[in-house]
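For reference, the chains in residue letters:
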Protein chains: 2
Amino acid sequence: MIKSLRIALVGGTGHQGPGLALRWALAGHEVFIGSRRAEKAERVAGELSEALRPIGVQYEFGHGVNPDVVAKADVIVFTIPFGGVRATCEGLRDQIRPGAVVVSPVVPMRKADFGLIADLPEEGSAAELIAALLPQAKVVGAFHTVSAGLLKDIPKPIEGDVVVCGDDEEAKRLVMGLVEDIPNLRPLDGGPLAYSRVLEALTPLLITMGKRLGNPNLGIKFI
Amino acid sequence: MIKSLRIALVGGTGHQGPGLALRWALAGHEVFIGSRRAEKAERVAGELSEALRPIGVQYEFGHGVNPDVVAKADVIVFTIPFGGVRATCEGLRDQIRPGAVVVSPVVPMRKADFGLIADLPEEGSAAELIAALLPQAKVVGAFHTVSAGLLKDIPKPIEGDVVVCGDDEEAKRLVMGLVEDIPNLRPLDGGPLAYSRVLEALTPLLITMGKRLGNPNLGIKFI
């Protein structure tokens, strides 16, 4: 980690938000839990502070409604389901400052007759859709293949790789640094943002294969 | 390996064919090198026998034009570029017997402005297209993420996973056994054939990331 960043988790009360919040708090960043409802953000922020106490860490998470936490942040992470992407982008358009780094771990999925599969939007991927809706932001795709359960299991290291892709090199490097802040996770430069479609497509395979293998936290490593 | 299989490599003189041929010869299978030209098949079959001599193995590869080698095989592997899929299926339609196992490691790719990316057909994947063109065959997708270079580097083991997908369970198990025949490769059940689109999409990312990392043989492991 180079310096402490202000990180806002939009929809941070959901599936992947809490684990990322805990990890980045432990790495010394200033983490804000965002939600559509202020009370929910406050409640989850409190629970997360509680979760850090048993390992001897005193930490107060920031919290608030999504537009409020976003306005303060260097890095904004969209820990939301794909279904909420358009409305979230609309709702935050004026709060996201030019040059802000927006991280998309979003995976659009649908249940086909043969099983769970990616349902990529016309733009190519959820990350590219976000980039189209928020032209002022530097969008980076990352964290698609990291289990929310493992992220929450602090302070255990997580074995696995995180492919990071984006069209702005500086923003990509920043997010690769945020991957390195999580013990044992390795960031890999996945190239331009368009490669996010590959990572988004991979997640439903990880979920279905993980079920078959009895491993709900199946991850990936490049060797 | 349960028993010795007769394996025909359609386009076996190309990129991925020789490595697979060597590996399965070492595992005790009866391997046939197929090509559009009989002389080329014969030449490559001879070269592959030569390649086995330094490690003390005497082995004669079968060889012939694609329709001839296919007619004799239990398992047919399409080691061909995507551009050849339609013509190859047309040309072999009458030689491929009902119930034959056809393995597709085929990856449809195109060079987009941002880089190499999958160019999946309307059917969903190359494997599904092959299944549509050869309804009498049991099509299995596999070997998309294994480097041709590592396959040829006998007798070295290959670290990595091979996700195998297919709609016929018996055929899928057979191909998973063929993965296990290659030292250290681990087969993983990837579910129905439709998941081949995920694996086909993964290969261009492996190629471009491998270039960036200085590893032309980048592979994958699920953890």
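Okay, so let's go over this structure. (Residues numbered from 1 in each chain as written. Chains lettered and ligands numbered in written order. Predicted model: local features only at pLDDT ≥ 70, side-chain atom pairs only at ≥ 80, totals over all residues. Heavy atoms only, no water.)

Description of the overall build of chain A
Link 1 in the chain: Across its full length, chain A holds eight helices and 11 strands.
Link 2 in the chain: For a compact globule of 223 residues, the expected C-alpha radius of gyration is about 17 Å, and chain A comes in at 16 Å, within 12% of that figure.
Link 3 in the chain: For chain A, the spread of C-alpha atoms along the three principal axes comes to 45 × 40 × 30 Å.
Link 4 in the chain: Relative to its full complement of 223 residues, chain A shows a buried share of 58%.
Link 5 in the chain: Within chain A, contacts between residues separated by at least 24 positions form 74% of all contacts whose residues are at least 6 apart in sequence.
Link 6 in the chain: Charged side chains of chain A number 24 positive and 26 negative; the gap between the two group centres comes to 4 Å. (Helix = DSSP H or I, 4+ residues; strand = E, 2+ residues; numbered from the N terminus. Rg over C-alpha atoms; globule rule 2.2 N^0.38 Å. Buried < 20%, exposed > 50% of the residue type's maximum accessible area, 1.4 Å probe, protein only. Contact = heavy atoms within 4.5 Å. Lys, Arg positive; Asp, Glu negative; His and termini not counted. Charge placed at Lys NZ, Arg CZ, Asp CG, Glu CD.)

Regarding the packing of aromatic side chains
Residue and element names in this part refer to chain A.
Link 1 in the chain: As enumerated under the stated definition, the model contains six aromatic pairs over all chains in all.
Link 2 in the chain: Ring centres 5.5 Å apart and planes at 75° place the aromatic pair tryptophan 24 and phenylalanine 143 in the edge-to-face group. Taken as a pair, tryptophan 24 in helix H1 (residues 17-26) and phenylalanine 143 in the loop between strand E8 (138-141) and helix H6 (148-152) lie far apart in primary sequence, 119 residues in all.
Link 3 in the chain: Owing to a relative accessible area of 1%, phenylalanine 143 belongs among the buried residues under this scheme. (Phe/Tyr/Trp six-rings, centres within 6.5 Å; stacked < 30°, edge-to-face > 60°.)

Comments concerning the pairing of strand E2 (residues 30-35) of chain B
Residues and elements named next belong to chain B.
Link 1 in the chain: Judged by how many residues are buried, E2 sits mostly within the fold: five of six residues are covered.
Link 2 in the chain: Summarising the sheet, strand E1 (residues 6-10) and E2 pair through four bridges and their orientation is parallel. If you follow isoleucine 7 over to E2, its bridge partner there is valine 31.
Link 3 in the chain: Handedness of the crossover joining E1 and E2 through helix H1 (residues 17-26): right-handed.
Link 4 in the chain: In this region the chain leaves E2, passes through helix H2 (residues 38-52) and returns to the parallel neighbour strand E3 (residues 62-65); the handedness of that crossover is right-handed. (Pairing = 2+ DSSP bridges. Right-handed = clockwise from strand over helix to strand, strands pointing away.)

Remarks on the sheet that holds strand E5 (residues 101-104) of chain B
Backbone-to-backbone hydrogen bonds join strands into a sheet, with any given pair of strands oriented parallel or antiparallel.
Residues and elements named next belong to chain B.
Link 1 in the chain: Judged by pairing direction, the sheet is mixed, and its eight strands sit side by side in the order E3-E2-E1-E4-E5-E8-E9-E10 without closing on themselves. In this open sheet, the two strands that pair with only one neighbour each are E3 and strand E10 (185-189). Within the sheet, the average angular offset between the axes of one strand and its neighbour, ignoring direction, is 25°.
Link 2 in the chain: Here four bridges tie E2 to E3, and the two strands are oriented parallel to one another. By the bridge assignment, phenylalanine 32 is partnered in E3 with glycine 62.
Link 3 in the chain: Contacting E2 and E3, H2 runs over the sheet at an angle of about 140° to E2. (Axes fitted to C-alpha atoms, helices over the stretch in contact; angles between N-to-C directions.)

Here we look at the interface of chain B and chain A
In many analyses, interface size is given as the accessible surface area lost on bringing the parts together.
Link 1 in the chain: The interface is formed by 34 residues belonging to chain B together with 34 residues belonging to chain A.
Link 2 in the chain: Interface of chain B and chain A: buried area, both sides summed, is about 2800 Å²; carbon and sulfur atoms make up 73% of it.
Link 3 in the chain: Contact with chain A buries area across many residues of chain B, yet Phe114, Tyr195 and Ile223 of chain B alone supply 25% of it, more than any other trio.
Link 4 in the chain: Ionic pairing is found between arginine 212 of chain B and aspartate 189 of chain A, a salt bridge with its closest N-O pair at 3.8 Å. (Buried area = accessible area lost by both parts, 1.4 Å probe. Salt bridge = Lys/Arg side-chain N within 4 Å of Asp/Glu carboxyl O.)

Some words on the sheet that holds strand E10 (residues 185-189) of chain A
All names here are of chain A.
Link 1 in the chain: Judged by pairing direction, the sheet is mixed, and its eight strands sit side by side in the order E3-E2-E1-E4-E5-E8-E9-E10 without closing on themselves. Strands with a single pairing partner mark the edges of an open sheet, and in this sheet they are strand E3 (62-65) and E10. Averaged over all pairs of adjacent strands, the angle between strand axes in this sheet comes to 25°, irrespective of strand direction.
Link 2 in the chain: Seen against the sheet, H1 touches strand E1 (6-10), strand E2 (30-35) and strand E4 (75-78) and runs at an angle of roughly 170° to E1.

Overview of the environment of arginine 110 of chain B
Link 1 in the chain: Its place among the elements puts arginine 110 of chain B in strand E6 (residues 109-112).
Link 2 in the chain: C-alpha separation for the pair arginine 110 of chain B and valine 198 of chain B, spaced 88 residues apart in sequence, amounts to 16 Å.
Link 3 in the chain: If we skip the residues at most four places from it in the chain, arginine 110 of chain B touches Arg197 of chain A together with Gly115, Leu116, Ile117, Ala118 and Asp119 of chain B.

Structural notes on the relation of the copies chain B and chain A
Link 1 in the chain: The two copies are related by a screw operation: chain B maps onto chain A through 180° of rotation and 0.0 Å of translation along the axis, at an RMSD of 0.0 Å. Taken together, these values place the two copies in the relation of a two-fold axis. Distance from the rotation axis, computed per C-alpha, reaches its smallest value in chain B at lysine 221 of chain B: 2.5 Å.
Link 2 in the chain: Of the interface residues in chain B, 100% have counterparts in chain A that sit at the interface too, so the contact is made through matching surfaces. (Least-squares fit on C-alpha atoms with pLDDT ≥ 70 in both.)

Some words on the side chain of aspartate 189 of chain B
Link 1 in the chain: Note on placement: aspartate 189 of chain B falls in strand E10.
Link 2 in the chain: Take aspartate 189 of chain B: its relative accessible area is 14%, and that puts it in the buried class.
Link 3 in the chain: Polar contacts involving the side chain of aspartate 189 of chain B include one to the side chain of arginine 173 of chain B, which spans 2.8 Å.
Link 4 in the chain: Among the polar contacts made by the side chain of aspartate 189 of chain B, one reaches the main-chain amide nitrogen of glycine 191 of chain B at a distance of 2.8 Å.
Link 5 in the chain: Setting aside its immediate chain neighbours within four residues, aspartate 189 of chain B contacts Met209 and Arg212 of chain A together with Val164, Glu169, Lys172, Arg173 and Met176 of chain B. (Polar contact = N/O pair within 3.5 Å; in protein donor to acceptor, adjacent residues only side chain to side chain.)

A short note on the pattern of salt bridges
One side chain can pair with another of opposite charge once the charged atoms of both are near each other.
Link 1 in the chain: Within this structure, the stated rule accounts for 32 salt bridges over all chains.
Link 2 in the chain: For the salt bridge of glutamate 90 of chain B with arginine 93 of chain B, the shortest nitrogen-to-oxygen distance reads 3.7 Å.
Link 3 in the chain: Members of the salt-bridge network, linked through shared partners, are Glu169, Lys172, Arg173 and Asp189 of chain A together with Arg212 of chain B.

Overview of helix H8 (residues 196-213) of chain B
All names here are of chain B.
Link 1 in the chain: With 18 residues, H8 ought to run about 26 Å at 1.5 Å a step, and its terminal C-alpha atoms sit 25 Å apart, in line with that.
Link 2 in the chain: Most of H8 sits out of view: 14 of its 18 residues are buried.
Link 3 in the chain: One or two steps after H8, the chain reaches glycine 214, where phi turns positive at roughly 70°. (Expected span 1.5 Å × (residues − 1).)

Side note on the packing of helix H8 (residues 196-213) of chain A against H8 of chain B
Link 1 in the chain: The contact between H8 of chain A and H8 of chain B brings their axes to 9 Å, and the two run at 140°. As summarised for this structure, H8 of chain A and H8 of chain B are arranged oblique, according to the angle between their axes. Here the hand of the crossing between H8 of chain A and H8 of chain B comes out left-handed. Judged by residue contacts, Val198, Leu199, Ala201, Leu202 and Leu205 of chain A of H8 of chain A engage Val198, Leu199, Ala201, Leu202 and Leu205 of chain B from H8 of chain B.
Link 2 in the chain: Of the residues assigned to the contact of H8 of chain A with H8 of chain B, the class counts are 10 nonpolar, no polar and no charged. (Parallel < 35°, antiparallel > 145°, perpendicular 65-115°, else oblique. Left-handed = near helix turned anticlockwise from the far one by under 90°. Nonpolar A, V, L, I, M, F, W, Y, C, P; charged D, E, K, R; others polar.)

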